[in-house]
Amino acid sequence: MADLFKGYKGQALGLLKSYNIRVWSDTSVKTTRGDFRGIVLPRSENDDDRHIVLKLATGYNVGIAVETVLDMKEEGYKEAHYKIPEKEFPFSEDKPNVKLFGTGGTIASRLDYRTGAVIPAFSPGELYGAVPELADICNLTTEKLFAVFSENMGPKQYIKLAISIGKEIEKGINGIVIGHGTDTMHHTASALAFMIQNSPVPIVMVGSQRSSDRPSSDAALNLMHATKAAAESDIAEVMVCMFGPTSDEYGLLHSGCRVRKMHSSYRSTFRTLGDIPLAMIDREKITPLRDNYNKRRNDKNVKVLPYFEEKVALIYYYPNMMPDIIDALVDNGYKGIVIAGTGLGHVNKPVYPAIERATKAGVAIYMTVQTLWGYVHMFVYDTGRDLMSKGIIPAENMLPEVAYIKLGWAFGQTNDLEEVKKIMLTPVCDEITEREPYNGYLVFQGGIPEMEEFLKRVHK
Ligand code: ASP
């Protein structure tokens, strides 16, 4: 009998037994805090013995405290099997060859019923088992480089990824896809855009906001779009491919240095900032929205610059910031600091002396804007002029995270501050643009009526 209650103990086990409720049953529960209906999940190792866990139809899990339960009823029973078969990818002569690198994240995740958490566990081979449509698009080979959530990505992983991608390109691959957690995908995208230059083929990063066990998962469609972009598009850039609008109508391809995760849970979370997306993509076609991008070539002349200095930092300014924040970085040997300042690029007066001390000690300080859209303009107010006289360098319209990654990459190559400045202010991948398009800020934001209207009118 015991395994009908998979791991439940104590009061929780008593409750399930008293109402005759089995693990995996579809159960309705009346509690003092409202009514719930969902699948009773096995008890996880880390749970106490006073809660039962229900997976709701929305895909979210809720813990229900035993003492709140008034009544329970089994409505049905369906044991879930979450094992996805590994499948060997079919090969076809006439299809482009695409390499998928796995790094982890929700797109490579499944629910772990041991801990009840989402864990990075799908191998890329299993991903194919789950999305067989990929075989209509290309010959896919896969390699799992890491299995981490993206908060655990960093310089070591960027370097390994850039080198691995460079090798594939030199061997003649037609396109690259990188499965990655969405949280820091924009950091990795810009790191790759700086480290892998002159790529002859598309390099497409993809993730998912909802894991594949949830009905609203965006994993499969994003993967199909990304694979199609890698196999067929003529945009030989580092890009992020994710949902465009909140619906599954189409995806957007964003330039790796102008993209940012902007919503913690929407599937349409990635937005191009300071520009318009590179292209729209659906199952049938890729529709470019811009034409100023690097085009696909037939050579293999990629240049990999896999360098990163870890002693760089990004500070988000807040009112009443104290100078000791900057002093601490200088005392700890940091070589460069990016500040995300207010408005046109400002911080408060008490921080000035610390900035002056830092720049005099040879620490490079670059200013970006918290507004994300628009340029740093330090000539407009006294504050900006004062800060520049203390050695702060305005970083044009580079996004704060991109400037941080670029500063690490620049210091990875040289300690000469003039050289670093030259690298920082010379655009590599649209991280600095001459102007921001008038239709970027409002129109091309995806899922809003203006965008739908515009796209319908312009792209038939
Ligand atoms: N925490 C996850 C990650 O960034 C979220 C995701 O993949 O969407 O790895």
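Right above here is the structure, for reference.
Reading the values: rules and limits
- Residues numbered from 1 in each chain as written.
- Predicted model: local features only at pLDDT ≥ 70, side-chain atom pairs only at ≥ 80, totals over all residues.
- Heavy atoms only, no water.
- Axes fitted to C-alpha atoms, helices over the stretch in contact; angles between N-to-C directions.
- Helix = DSSP H or I, 4+ residues; strand = E, 2+ residues; numbered from the N terminus.
- Parallel < 35°, antiparallel > 145°, perpendicular 65-115°, else oblique.
- Left-handed = near helix turned anticlockwise from the far one by under 90°.
- Contact = heavy atoms within 4.5 Å.
- Nonpolar A, V, L, I, M, F, W, Y, C, P; charged D, E, K, R; others polar.
- Pairing = 2+ DSSP bridges.
- Buried < 20%, exposed > 50% of the residue type's maximum accessible area, 1.4 Å probe, protein only.
- Arc of directions from axis to C-beta.
- Polar contact = N/O pair within 3.5 Å; in protein donor to acceptor, adjacent residues only side chain to side chain.
- Near = heavy atom within 4 Å.
- Areas by Shrake-Rupley, 256 points an atom, 1.4 Å probe, with all protein chains shown as cover.

Undergrad: Which residues make up the packing of helix H4 (residues 155–171) against helix H5 (residues 185–195), and what values go with them?
TA: Interaxial distance between H4 and H5 falls to 10 Å at its minimum, and their mutual angle equals 50 degrees. As far as their axial angle goes, H5 and H4 are oblique. The way H4 lies across H5 gives a crossing that is right-handed. Between H4, through Tyr 158, Ile 159, Leu 161, Ala 162 and Ile 165, and H5, the contact on the second element is made entirely by His 187, Thr 188, Ala 191, Leu 192 and Met 195. Taken together, the residues that form the contact of H4 with H5 break down as eight nonpolar, two polar and no charged.

Undergrad: Residue-level account of the sheet that holds strand S13 (residues 238–243), with values.
TA: Pairing in this open sheet of eight strands is mixed, and the strands run S9-S6-S10-S12-S13-S14-S17-S18 from one edge to the other. If you trace the sheet from one side to the other, it starts and ends with strand S9 (139–144) and strand S18 (286–288), each paired once. Within the sheet, the average angular offset between the axes of one strand and its neighbour, ignoring direction, is 25 degrees. Pairing of strand S6 (residues 97–102) with strand S10 (residues 175–179), which is carried by five bridges, proceeds in the parallel orientation. Within the sheet, the bridge partner assigned to Gly 102 lies in S10 and is Gly 179. Strand contacts of H5: S10, strand S12 (203–206) and S13, with the helix running at about 155 degrees to S13, the strand carrying the most contacts.

Undergrad: Can you explain helix H9 (residues 382–389)? Please cite residues and give values.
TA: Along H9, the residues classified as buried are Thr 383, Gly 384 and Leu 387. Mapping the buried residues of H9 onto a view down its axis gives an arc of 95 degrees, with all of them on the same face. Turned more than 90 degrees away from the buried face of H9, the exposed residues are Asp 382 and Ser 389. On its buried face, H9 sits against helix H8 (352–360) and strand S22 (364–369). Looking one or two places after H9, you find Gly 391, whose phi comes out positive at around 105 degrees.

Undergrad: Could you give an account of the sheet that holds strand S20 (residues 312–316), naming the residues involved and the relevant values?
TA: Reading across the sheet, the four strands line up as S20-S21-S22-S23 and stay open at both edges, with parallel pairing between neighbours. In this open sheet, the two edge strands, each paired with only one partner strand, are S20 and strand S23 (393–394). Of the pairings in the sheet, the one linking S20 to strand S21 (residues 336–341) comprises five bridges and is parallel in character. By the bridge assignment, Ile 315 is partnered in S21 with Ile 339. Relative to the sheet, helix H7 (residues 324–331) contacts S20 and S21, its axis offset from that of S20 by approximately 175 degrees.

Undergrad: Now, about the side chain of Thr 103: what can you tell me, with residues and values included?
TA: When you line up the elements, Thr 103 lands in the loop between S6 and strand S7 (109–112). By relative accessible area, Thr 103 is classed as buried at 0%. Polar side-chain contacts of Thr 103 include one of 2.7 Å to the backbone oxygen of Gly 179. Ignoring anything within four residues of it in the chain, the contact list for Thr 103 reads Phe 146, Ala 147, Val 148, Met 153, Leu 161, Ile 178, Gly 179, His 180 and Gly 181.

Undergrad: If you had to explain the site of the ligand to someone new, which residues and values would you point to?
TA: Neighbouring the ligand are the residues Gly 105, Thr 106, Phe 149, Ser 150, Glu 151, Gly 181, Thr 182, Asp 183, Ser 208 and Gln 209. A distance of 2.4 Å is found between an oxygen atom of the ligand and a side-chain nitrogen or oxygen belonging to Thr 182. Its free accessible area being 270 Å², the ligand has 89% of it covered by the protein chains. Partitioned by chemical class, the residues of the shell around the ligand number one nonpolar, seven polar and two charged.

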